[in-house]
Amino acid sequence: MTLTAPPRLLLVHAHPDDETLWTGGTIARYAERGVQVVVVTCTLGEEGEVIPESLRGLAVDEADQLGGYRVGELRAACTALRVTDQRFLGGIGRWRDSGMLWERPGTAGARPDAHPRAFAVGDREQQTSALEDVLREVKPQVVVTYAEDGGYGHPDHVRAHEITVAAVERVPEVQRLFYAVQSRAAVTAGLARLAEVEELPFDLPSPDEVASVDDDSITTEIDISGQLPAKISAMRAHGTQIKVWLDRWNNGDGIAAYALSNGIAQPVVDTEHFVLASGDPDGCANDLFGGLGPIGESVGNR
């Protein structure tokens, strides 16, 4: 397969902050190289827990205004990542965050009392058609979303996977579909580095408490060492959801970690990982566009 148009990358994420946590470095890397990057966000993240005490009034059990606030956070994060085209599936506020329950460390499940507009219980065909419309307009050669389990079981991540797979099957311009995953080896190494830090402000989990996949299943590893400052800036933009901690940090060097509202440490690593779900695997080991003709080669080597 060869690219017959400028390279376009489209990513489907469930909530504001997922684009940064799962794929922020990859987004920044390709945006820096002139790739047209489009981020599709499926909900406003209304059900998220709020970390700063001063903003607790936004939460669903208070004023229920968190979704609108997170739109601003998402826009700031996209600016940090150099994304100029971010869209909400079906229009802003069309589907609502479904929320989740922790079934065990690292694994989430659905809530029995999801909102009537919740994304995970919405009309799947309507959602697929809405995404299909975006794919036909943008015509990306490469699409990224979550794996079948949503990465860690969140029902909105699972639904994002389902509709992305279905929509991609209808749009022949898409040449590759990737699933964003976390490398078990990278997570284990990152946690080991954090274990050596004396003043880590977060609780340190064991590697098996962090969602990850066996590295034998990973087809693509993207070096984001040069984009770590952009990714960390984007993480900080999502201040209601993410706390960032840096140790001896200097423009990409040092140790970095983050935590969500549960206070569990997650390492910030210098690679992001993907599994090729469909498309020609030739050349994709270190580049989502690798092997897709002269344009794909230039994207990876710039």
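Owing to the predicted nature of the structure, the values given are computational and were not obtained by experimental measurement.

Draft legend 1. Region of the structure containing the sheet that holds strand S8 (residues 220-223). Pairing in this open sheet of 7 strands is mixed, and the strands run S3-S2-S1-S6-S7-S12-S8 from one edge to the other. Either end of the sheet is taken by a strand with one partner, and the two such strands are strand S3 (85-88) and S8. Neighbouring strand axes in the sheet, compared pairwise and without regard to direction, differ in orientation by 25° on average. Sitting on the sheet, helix H4 (residues 155-170) touches strand S1 (8-13), strand S6 (142-146) and strand S7 (176-181), and the angle it makes with S6 is about 150°.

Draft legend 2. Here's a closer look at the nonpolar core. By size, the foremost hydrophobic cluster in this structure holds 69 residues, and its most contacted members are Leu9, Leu10, Val37, Leu89, Val144 and Leu288. Per-element accounting of this core gives the leading share, 6 residues, to helix H1 (residues 18-32). Residue contacts for Leu288: discarding those within four places in its chain leaves Leu9, Thr26, Tyr30, Val142, Val144, Arg176, Phe178, Thr220, Ile222 and Phe274. Of all hydrophobic cores here, the second largest spans 12 residues; its members include Leu191, Val210, Ala257 and Ala259.

Draft legend 3. Just unusual backbone geometry, in detail. With phi around 55°, Asp64 is a residue other than glycine that occupies positive phi space. Along the polypeptide, Asp64 turns up in the loop between strand S2 (36-41) and helix H2 (66-81). We classify Asp64 as partly exposed; its relative accessible area is 31%.

Draft legend 4. Quick peek at the sheet that holds strand S11 (residues 266-267). Pairing in this open sheet of 3 strands is antiparallel, and the strands run S9-S10-S11 from one edge to the other. For this open sheet the edge positions go to strand S9 (243-250) and S11, each flanked by a neighbour on one side alone. Relative to S11, strand S10 (residues 253-259) is paired through 2 bridges, and the arrangement is antiparallel. Across the sheet, Tyr258 pairs through a bridge with Gln266, a residue of S11.

Draft legend 5. Region of the structure containing the packing of helix H3 (residues 124-138) against H4. Running from amino to carboxyl end, H3 crosses H4 at an angle of 55°, the nearest separation of the two axes being 8 Å. With respect to H4, the axis of H3 lies oblique. In terms of crossing hand, the pair formed by H3 and H4 is right-handed. Taking contact as the criterion, the partners of Arg124, Glu125, Gln127, Thr128, Ser129, Leu131, Glu132, Leu135 and Arg136 in H3 are, on H4, Arg159, Glu162, Ile163, Thr164, Ala166, Ala167, Val168 and Arg170. Here the residues of the contact of H3 with H4 sort into 6 nonpolar, 4 polar and 7 charged.

Draft legend 6. Spotlight on the pairing of S6. Among the 5 residues in S6, 5 count as buried, and that is most of the element. Note that S1 and S6 share 3 bridges and pair parallel. Directly across from Leu10, in S6, lies its bridge partner Val143. Sheet topology note: the S6/S7 ladder contains 5 bridges and is parallel.

Draft legend 7. Representation of the packing of aromatic side chains within the structure. This structure, assessed with the given rule, holds 4 aromatic pairs. Between Phe178 and Phe274, the ring centres sit 6.3 Å apart and the planes meet at 75°, which makes this aromatic pair edge-to-face. With Phe178 in strand S7 and Phe274 in strand S12 (residues 271-278), this pair connects stretches of sequence that are 96 residues apart. The class for Phe178 is buried, based on a relative accessible area of 0%. Since its relative accessible area comes to 0%, Phe274 is described here as buried.

Draft legend 8. How the structure looks around H4. For H4, which comprises 16 residues, the first-to-last C-alpha distance of 23 Å matches the rise-based estimate of 22 Å (1.5 Å per residue) to within 8%. Of the residues making up H4, those classed as buried are Pro155, Asp156, His157, Arg159, Ala160, His161, Ile163, Thr164, Ala167 and Val168.

Rules behind the numbers
- Residues numbered from 1 in each chain as written.
- Predicted model: local features only at pLDDT ≥ 70, side-chain atom pairs only at ≥ 80, totals over all residues.
- Heavy atoms only, no water.
- Pairing = 2+ DSSP bridges.
- Helix = DSSP H or I, 4+ residues; strand = E, 2+ residues; numbered from the N terminus.
- Axes fitted to C-alpha atoms, helices over the stretch in contact; angles between N-to-C directions.
- Contact = heavy atoms within 4.5 Å.
- Core = buried A, V, L, I, M, F, W, Y, C linked by side-chain atoms within 4.5 Å.
- Buried < 20%, exposed > 50% of the residue type's maximum accessible area, 1.4 Å probe, protein only.
- Parallel < 35°, antiparallel > 145°, perpendicular 65-115°, else oblique.
- Left-handed = near helix turned anticlockwise from the far one by under 90°.
- Nonpolar A, V, L, I, M, F, W, Y, C, P; charged D, E, K, R; others polar.
- Phe/Tyr/Trp six-rings, centres within 6.5 Å; stacked < 30°, edge-to-face > 60°.
- Expected span 1.5 Å × (residues − 1).

Spatial relationships are all this shows, so hold off on functional conclusions.
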